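Per-entry structural report
Residue-level listing of the chains:
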Amino acid sequence: MTFVPLTRRLIALCWMASFALPSHAAAADGAPVALPDSTVLESWTLPNGLRVVTRHVPYCGSVDVTLAYGFGNADDPLGREGLHALLAELEYMGATAEAPERSRGDMSSQRPAGWDLALSPHLTRFSELAGVQQFPGVLHQVATRLRGVTVTAPGLRTCLGAVRADLDSSYRADVGTALYYGAAIWARGGDDARCARIASGKGLQGLNARDLQRQLREAFVPANAVLSIAGNLASVPVRALVLNEFGSIPAGSAFPAPVHAALDSASCATARREARGAAGVVGLFAPALTDSTHPAFLMQLLLAGGHCADRWGAADPPLRSRFQYAVLDDPEIARFYAPVQADAKDPDVMTVEFTSTLGEVNAMIVEPKTYQQIWRSVDWLLGGPLPPELGKRVLKDAGTLHALASGMAARELWGGEPFWSEYRRRFRDAIDHPFPKWYEWFVAPEHRVALLMVPRP
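Counting restarts for each chain, with residues numbered from 1 along the sequence as it is written. Under the rules for a predicted model, residues below a pLDDT of 70 receive no local features and side-chain atom pairs below 80 are neither given nor counted, while totals for whole chains, interfaces and linings still include all residues. The side-chain values count all of the structure's non-hydrogen atoms but skip hydrogen atoms and water molecules.

Considering every residue of the protein chain, the mean pLDDT works out to 91; 93% of them sit at 70 or more. Confidence scores labelled pLDDT are given residue by residue by the predictor and lie between 0 and 100. We call two residues in contact whenever any of their non-hydrogen atoms come within 4.5 Å of each other. Note that residues 1-27 has pLDDT below 50 and, in this model, 103 contacts with residues that lie over four places away or in other chains.

Here is the structure:
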């Protein structure tokens, strides 16, 4: 049997969330690098430690400005779950020296071209899109916000309300998202009570504006940040503009690299009132992203994920997909959503289906062109040139441009081009590593967590 995954599906499988990874490696200053897709990449570091990476996209109608930081919700202190989400909301919405407080409801009119406030396990990201003519003004406003925001009592109440609603949706009300985050909670020794606590927002009780103001000034500083700019930059002296807007902002102190609990296998079923029928996830633990074998793992994971998606068919609500892996955002766990009967009670039914389907992949004869197609579809996410289809789409589609800018920021946070150029080489060479070499890793019980949610009577 030969399996040939679709290019569009592979892009969707690997781009499931915001990009991120924590690190504090400095960007390498250097001359512009022209890529085969006609875009031009530059990176440098300001004297205050702000790492900057830009990608000029000729003829693009927009510019995406993204500020990213190498910390996220996985770094919340025990008992203060939701803290980083609240800090991000305050930083993005708070009043600056030149602008009043804003809310999510204001953003559609203030940033009609697009905006994004995203928090993932390892990244906090603020993005604002603008037309080419509006770009200098938007960049100035982003710099003004980095200089500091003011936390007020009314603004804090608004941000608390927004964050609590997000936590409740992510860990309780939305079963599909609760499965995604729940897999990581259980893999790190948590349980249903911990998920319920996060969903309740209790970790945000007792916080005051004064303490939050101090934490904002410590966290959102140039020493912790990457500024990523992607779009049509032909008419703007970008280096001079960035230096003028950001160069005088105090550097602050860089946070040490975070340390997270190791993942451990688990299998559990939990009853939820929100579940209308049984639904579950099998989380597969990945090698460390810095492990030299990770590129080969990624190649085989995408092969397996594509087959599972085809074999299991379209996901029914509350699930959105049969397979998710955000390689630059949440690289520790790949999620597989195997089909189960509505009255299922035992998570083992998922793992049996999971291992059985992987056995099919193990028995395949996969042609080299299949792996080549996977490589070409994903290489751009890892810093390579845009494939022709996306090269055309990025000129007009704000979402594609945003994905480009977000990926640039994430890669700069985790090693920069020196790391990712070597990663891309290993990923390309993984074409010669067949799936059977990884089969035992994929099916080993110690490398997975299984979480089944069933209706509560």
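In this analysis, axes come from line fits to C-alpha atoms, helices being fitted only over the stretch in contact, and the angle between any two N-to-C directions falls in the range 0 to 180 degrees. Put simply, DSSP H or I for four residues or longer makes a helix, DSSP E for two residues or longer makes a strand, and each gets a number counted from the N terminus. At a closest axis distance of 10 Å, the pairing of helix α10 (residues 294-312) and helix α12 (residues 368-378) adopts a crossing angle of 105°. Between α10 and α12, the angle falls in the class roughly perpendicular. Of the residues in α12, those touching α10 at M299, Q300, L302 and L303 are T370, Y371, I374, W375 and V378. Residues that form the contact of α10 with α12 fall into these classes: seven nonpolar, two polar and no charged. These descriptions rest on fixed angle ranges, namely under 35 degrees for roughly parallel, over 145 for roughly antiparallel, 65 to 115 for roughly perpendicular, and the rest for oblique. Each residue is assigned to one class: nonpolar for Ala, Val, Leu, Ile, Met, Phe, Trp, Tyr, Cys and Pro, charged for Asp, Glu, Lys and Arg, and polar for all the others, Gly among them.

Next up on the list: the environment of D106. Along the polypeptide, D106 turns up in helix α3 (residues 104-110). Buried residues are those whose accessible area, probed at 1.4 Å on protein chains only, stays under 20% of the maximum for their type, while exposed residues exceed 50% and partly exposed ones sit between those limits. Overall, the relative accessible area of 28% leaves D106 in the partly exposed class. For the pair D106 and M93, spaced 13 residues apart in sequence, the C-alpha separation works out to 9.7 Å.

Position of S228 relative to the elements: it lies in strand β7 (residues 225-231). Under the relative-accessibility criterion, S228 is labelled buried at 0%. Within the structure, the side chain of S228 is placed 2.8 Å from the backbone oxygen of A405, a separation counted as a polar contact. Once residues lying within four places of it in the same chain are set aside, the contact partners of S228 are V53, D64, V65, T66, A405, M408 and A409. Pairs of N or O atoms are called polar contacts if they sit within 3.5 Å, as long as, within protein, a hydrogen donor faces a hydrogen acceptor (for residues adjacent in sequence, only side-chain-to-side-chain pairs).

Moving on, we come to the packing of aromatic side chains. Given two aromatic rings, their pairing is described by the distance between the two centres and the angle made by the two planes. Stacked, edge-to-face and tilted are the three classes for Phe, Tyr and Trp ring pairs, Trp counted by its six-membered ring, which pair at centre distances within 6.5 Å; planes under 30 degrees apart are stacked, over 60 edge-to-face, the rest tilted. Taken as a whole and assessed by the stated rule, the structure comprises 21 aromatic pairs. Measuring from ring centre to ring centre gives 4.9 Å for F419 and W420, while their planes differ by 85°; the resulting arrangement is edge-to-face. For W420, a relative accessible area of 0% corresponds to the buried category. Three or more aromatic residues link up through ring pairs in this structure, and these residues are Y69, F71, Y92, W115, F126, F220 and F255. For the cation-ring pair, R102 lies above Y92, with the distance from its terminal atom to the ring centre recorded as 4.5 Å. When the NZ atom of lysine or the CZ atom of arginine is within 6 Å of a ring's centre and also within 35 degrees of its normal, the charge is said to sit over that ring. When the ring centre of Y180 is taken as reference, the NZ or CZ atom of R335 above it lies at 3.7 Å.

Burial along strand β11 (residues 333-336) is two-sided: the residues I333 and R335 and A334 and F336 are all buried. In this sheet, β11 lies alongside strand β9 (residues 279-285) in antiparallel orientation, the contact comprising four bridges. For F285, the partnering residue across the bridge sits in β11 and is I333. Pairing between strands requires that DSSP locate at least two bridges from one strand to the other.

Glancing now at the sheet that holds strand β4 (residues 62-69). Two pairing modes exist for strands in a sheet, parallel and antiparallel, and in both the strands are linked by backbone hydrogen bonds. What the seven strands build is an open sheet, ordered β1-β2-β3-β7-β4-β6-β5; its pairing is mixed. Lying at the two open borders of the sheet, with one neighbouring strand each, are β1 (33-34) and β5 (115-120). As paired elements, β4 and β7 share seven bridges and run antiparallel to each other. Within β7, the position partnered with V63 by the bridge is G231.

A few words on the pairing of β9. The buried fraction of β9 is high, at seven of seven residues. Neither face of β9 is open: one carries A279, V281, G283 and F285, the other G280, V282 and L284, and all of them are buried.

Turning to the environment of A219, a few remarks are in order. Its place among the elements puts A219 in helix α8 (residues 209-219). Spatially, the C-alpha atom of A219 lies 21 Å from that of P100, the residues being 119 residues apart in sequence. Those residues in contact with A219 that sit more than four places away from it in its chain are Y69, F71, N224 and F255.

Next up on the list: the sheet that holds β9. An order of β8-β12-β9-β11-β10 is seen for the five strands of this open sheet, with the pairing classed as mixed. Both edges of this open sheet fall to β8 (266-272) and β10 (323-324), since each of them pairs with a single strand only. Relative to strand β12 (residues 448-455), β8 is paired through seven bridges, and the arrangement is parallel. Bridge pairing in β12 places R272 opposite P455.

Okay, the environment of P121 next. Tracing the sequence through the fold places P121 in the loop between β5 and β6 (123-131). What makes P121 buried here is its relative accessible area of 12%. Separated by 48 residues in sequence, P121 and N73 place their C-alpha atoms 4.8 Å apart. Look past the residues within four positions of P121 in its chain and what remains in contact with it is G72, N73, A74, D75, D329 and D330.

Turning next to unusual backbone geometry. Cis geometry marks the peptide bond from P317 to P318, where omega comes out at 15°. Although it is not a glycine, S38 sits at a positive phi angle of roughly 80°. Within the secondary structure, S38 sits in the loop between β1 and β2 (40-45). Positive phi values are uncommon outside glycine, yet Y59 reaches one of about 70°. As for its placement among the helices and strands, Y59 is situated in the loop between β3 (51-56) and β4.

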